[in-house]
Amino acid sequence: MQDQYSRTQLLLGAEAMEKLHHARVAVFGIGGVGGYTVEALARSGVGALDLIDDDKVCLTNLNRQIIATRKTVGKFKVDVAEERVHDIDPDIRVTTHRCFFGPETQDDFDFTQYDYVVDAIDTVTGKLALVMKCKEAGTPIICSMGAGNKMDPTRFEVTDIYKTSVCPLARVMRAELRKRGVKHLKVVYSKEPALTPINDMTISCRTHCICPPGTARKCTQRRQVSGSNAYVPAVAGLICAGEVINDIALNR
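About the thresholds
- Along each chain, residues carry numbers from 1 onward, in the same order as the chain's sequence is written.
- Since the coordinates come from a predicted model, pLDDT governs what is reported: local features require at least 70, and pairs of side-chain atoms require 80 or more to be given and counted, while whole-chain, interface and lining totals use all residues.
- Derived side-chain values reflect all non-hydrogen atoms in the structure, with water molecules and hydrogen atoms excluded from consideration.
- Working definition: helices are DSSP H or I runs of at least four residues, strands are E runs of at least two. Numbering for both runs from the N terminus.
- We take the radius of gyration over the C-alpha atoms and set the globule estimate at 2.2 Å times the residue count to the 0.38 power.
- Two residues qualify as a contact provided that any one of their heavy atoms is within 4.5 Å of a heavy atom in the partner residue.
- The charge count includes Lys and Arg as positive and Asp and Glu as negative, but it does not include His or the ends of the chains.
- Note that the charge is assigned to NZ on lysines, CZ on arginines, CG on aspartates and CD on glutamates.
- Pairing of aromatic rings covers Phe, Tyr and the six-membered ring of Trp, with a centre-to-centre limit of 6.5 Å; geometry is then stacked below 30 degrees between planes, edge-to-face above 60, and tilted otherwise.
- Partly exposed describes any residue whose relative accessible area lies between the buried limit of under 20% and the exposed limit of over 50%, with all areas from a 1.4 Å probe on protein chains only and scaled to the type maximum.
- Salt bridges are defined as contacts in which a side-chain nitrogen from Lys or Arg sits within 4 Å of a carboxyl oxygen from Asp or Glu.
- Counting of polar contacts relies on pairs of N or O atoms within 3.5 Å, with two restrictions inside protein: one atom must be capable of donating a hydrogen and the other of accepting it, and residues adjacent in sequence are counted only when both atoms are side-chain atoms.
- Where helices are involved, their axes are fitted lines through C-alpha atoms of the stretch in contact, as for all axes, and angles between N-to-C directions lie from 0 to 180°.
- In a left-handed crossing the near helix is turned counterclockwise from the far helix by less than a right angle, and in a right-handed crossing that turn is clockwise.
- Each residue is assigned to one class: nonpolar for Ala, Val, Leu, Ile, Met, Phe, Trp, Tyr, Cys and Pro, charged for Asp, Glu, Lys and Arg, and polar for all the others, Gly among them.
- The span expected for a helix works out to 1.5 Å for each residue beyond the first.
- Throughout, the arc means that of the directions going from the helix axis to the C-beta atoms.
- A clockwise path from the first strand over the helix to the second, with the strands pointing away from the viewer, defines a right-handed crossover.
- A pair of strands is treated as paired once DSSP finds two or more bridges between them.
- Roughly parallel means an angle under 35 degrees; roughly antiparallel, over 145; roughly perpendicular, 65 to 115; everything else is oblique.

1. Overview of the overall build of the chain
Working step 1: Along the backbone of the chain there are seven helices and seven strands.
Working step 2: Reading the chain from its N end, one meets helices and strands in the order α-α-β-α-β-α-β-β-α-β-β-α-β-α.
Working step 3: Its C-alpha atoms give the chain a radius of gyration of 18 Å, within 12% of the compact-globule value 18 Å for 252 residues.
Working step 4: Overall, the C-alpha framework of the chain stretches about 55 × 45 × 35 Å when taken along its three principal axes.
Working step 5: For the chain, contacts bridging at least 24 residues in sequence account for 69% of all contacts bridging at least 6.
Working step 6: Distance from the positive charge centre (33 side chains) to the negative charge centre (30 side chains) of the chain: 7 Å.

Spelled out as structure tokens, the structure:
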């Protein structure tokens, strides 16, 4: 019988769709990368999703985040993403966490309950904590490296962290993971050298932060405010989702 996943089942088969239906995937970071990951996972039939982010939708998110519209500005990203997921499929089990993931909050999560984890957060300390908790639990994880300040979506590839080059975030992660004895980590990264954003303080969030009231981490507190566009983070997020779906459904 046909249903909303029939076209996907034509490629994967009924057994694979059943695996996706029974899978629980956690996406940490529901922004430019993570939002598209959630979108693809929901449209592919993943049965349960955990969404982790403490940010609210900002006007400057509209250029790249699939959950960002004029109507959602000021709302918590996880709440907007949950509503969008249920508009796609009301039967998907969604658990939201209004939480900034890092060493301080890592013990609030039981990683053994997840079939897969997607790292789409933007702090090194958070990424390292996430990787270590997944390794400890034996849970598969894929990490997105830097997608800001880039213009070429064709430069992304999936590889092991120790085979990466060019990307400054990947370089830091390689060094820190080596110290921690982590031998392998699947990542999505781009070899495109990052551009230097135009130094125009009249439009920079560095001095003109317009984050909604109650936003925990304002742009004025961030180390760097990157330039971005509509398609580079989206591609990274869709690649992450594709890896998760193929690994779960096809036992790769």
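2. Section: the packing of aromatic side chains
Working step 1: Counted under the stated rule, the structure contains seven aromatic pairs.
Working step 2: Note on Phe28 and Phe111: the rings are 5.8 Å apart at their centroids and 15° apart in plane angle, and the pair reads as stacked. One end of the pair, Phe28, is in strand β1 (residues 24–28); the other, Phe111, is in the loop between β3 (93–97) and β4 (116–119), with 83 residues separating them in the sequence. Neither residue differs from the other here; Phe28 and Phe111 are each classed as buried.
Working step 3: Judged by centre distance (5.7 Å) and plane angle (65°), the ring pair of Phe101 and Phe109 falls under edge-to-face.

3. Some details on the side chain of Asp160
Working step 1: As for its position among the elements, Asp160 is in strand β6 (residues 156–160).
Working step 2: Of the side chains with opposite charge, Lys163 lies nearest to the buried Asp160, which makes no salt bridge, at 6.8 Å.
Working step 3: Polar contacts involving the side chain of Asp160 include one to the main-chain amide nitrogen of Tyr162, which spans 2.9 Å.
Working step 4: With residues up to four places along the chain from it excluded, the contact list for Asp160 reads Lys183, His184, Leu185 and Val187.

4. Here's the deal with the packing of helix α2 (residues 14–21) against helix α7 (residues 232–250)
The geometry of a pair of packed helices is captured by two quantities: the angle between their axes and the separation between those axes.
Working step 1: Running from amino to carboxyl end, α2 crosses α7 at an angle of 115°, the nearest separation of the two axes being 8 Å. Of the two possible hands of crossing, α2 and α7 adopt the one that is right-handed. When α2 is examined against α7, the residues Ala16, Lys19 and Leu20 are found in contact with a partner set consisting of Ile245, Ile248 and Ala249.
Working step 2: Classifying every residue of the contact of α2 with α7 by side-chain character gives five nonpolar, no polar and one charged.

5. Brief notes about helix α6 (residues 168–179)
Working step 1: For α6, built from 12 residues, the straight-helix expectation of 16 Å at 1.5 Å per residue is met to within 8% by its first-to-last C-alpha distance of 17 Å.
Working step 2: By the burial criterion, the buried members of α6 are Ala170, Met173, Arg174 and Leu177. Along the long axis of α6, the arc covered by the buried residues comes to 105°, so they all point the same way.
Working step 3: Buried residues along α6 sit in contact with α5 (124–137).
Working step 4: Looking at the residues trailing α6, positive phi occurs at Gly181, about 75°.

6. What about the pairing of strand β5 (residues 141–144)?
Working step 1: Both faces of β5 are covered, namely the face carrying Ile141 and Cys143 and the face carrying Ile142 and Ser144.
Working step 2: After leaving β4, the chain enters α5 and then returns to the sheet as β5, a path that is right-handed.
Working step 3: In this structure, β5 lies alongside strand β7 (residues 186–190), joined through three bridges in parallel fashion. Residue pairing for β7: Ser144 is matched across the bridge by Val188.

7. Considering the packing of helix α3 (residues 34–43) against α7
Working step 1: As a packed pair, α3 and α7 sit with axes 7 Å apart at the nearest point and diverge in direction by 40°. As judged from the angle between their axes, α3 and α7 are oblique. Classified by chirality, the crossing of α7 by α3 is right-handed. Contact with α3, carried on its side by Tyr36, Thr37, Ala40 and Leu41, involves Ala234, Gly237, Leu238, Cys240, Ala241, Val244 and Ile245 of α7 and no other residues of that element.
Working step 2: For the contact of α3 with α7, the residue count by class is nine nonpolar, two polar and no charged.

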